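Chain residues, written in single-letter form:
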Amino acid sequence: MQHAEEQFSALVDDEPDLPPAVLVEALLDDDAARRRWSRHHLIGEVLRDREAIIDLGLADRISAAIDAEPVLLAP
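Below you will find a few notes about this structure. (Residues numbered from 1 in each chain as written. Predicted model: local features only at pLDDT ≥ 70, side-chain atom pairs only at ≥ 80, totals over all residues. Heavy atoms only, no water.)

### What about the overall build of the protein?
Quick reminder of the rule: Working definition: helices are DSSP H or I runs of at least four residues, strands are E runs of at least two. Numbering for both runs from the N terminus. Partly exposed describes any residue whose relative accessible area lies between the buried limit of under 20% and the exposed limit of over 50%, with all areas from a 1.4 Å probe on protein chains only and scaled to the type maximum. With residues, only the protein chains shown are counted as cover, and all accessible areas are computed by Shrake-Rupley using a 1.4 Å probe.
Counting its regular elements, the protein contains four helices and zero strands. Counted from the first residue to the last, the protein has its helices and strands arranged as α-α-α-α. Evaluated residue by residue, the protein yields a buried proportion of 15% over its 75 residues. If you sum the accessible surface of the protein, you get close to 6,300 Å²; carbon and sulfur atoms cover 58% of it.

In structure tokens:
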């Protein structure tokens, strides 16, 4: 797993050890890899102090967590 993380990071930095096509193929076949790719790009944008669009679904997750809370009835 660590090796895969390093490969994706190197691809984002335009310094991959493997052919880019091999890594891109892995991205297309794996949901977790696509999320990892997105995070690497977001991190890079933030580190370069560029305006990055951050849509992590936070509001939806908070809303779902609230909806999942049990109803408490006061005695």
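Having seen the model, we can carry on.
### Some words on the packing of helix α2 (residues 20–29) against helix α3 (residues 31–47)
Let me state the cut-off plainly: Helix axes are fitted to C-alpha atoms over the stretch in contact, other axes to C-alpha atoms as well, and angles between N-to-C directions run from 0 to 180 degrees. For this analysis, residues touch if any pair of their heavy atoms sits within 4.5 Å. Three classes are used, and their members are as follows: Ala, Val, Leu, Ile, Met, Phe, Trp, Tyr, Cys and Pro are nonpolar, Asp, Glu, Lys and Arg are charged, and the others, Gly among them, are polar.
Closest axis-to-axis distance for the α2/α3 pair is 5 Å, and the angle between their directions is 115°. Residues A26, L27, L28 and D29 of α2 pack against D31, A33, R34 and W37 of α3. Here the residues of the contact of α2 with α3 are counted per class, giving five nonpolar, no polar and three charged.

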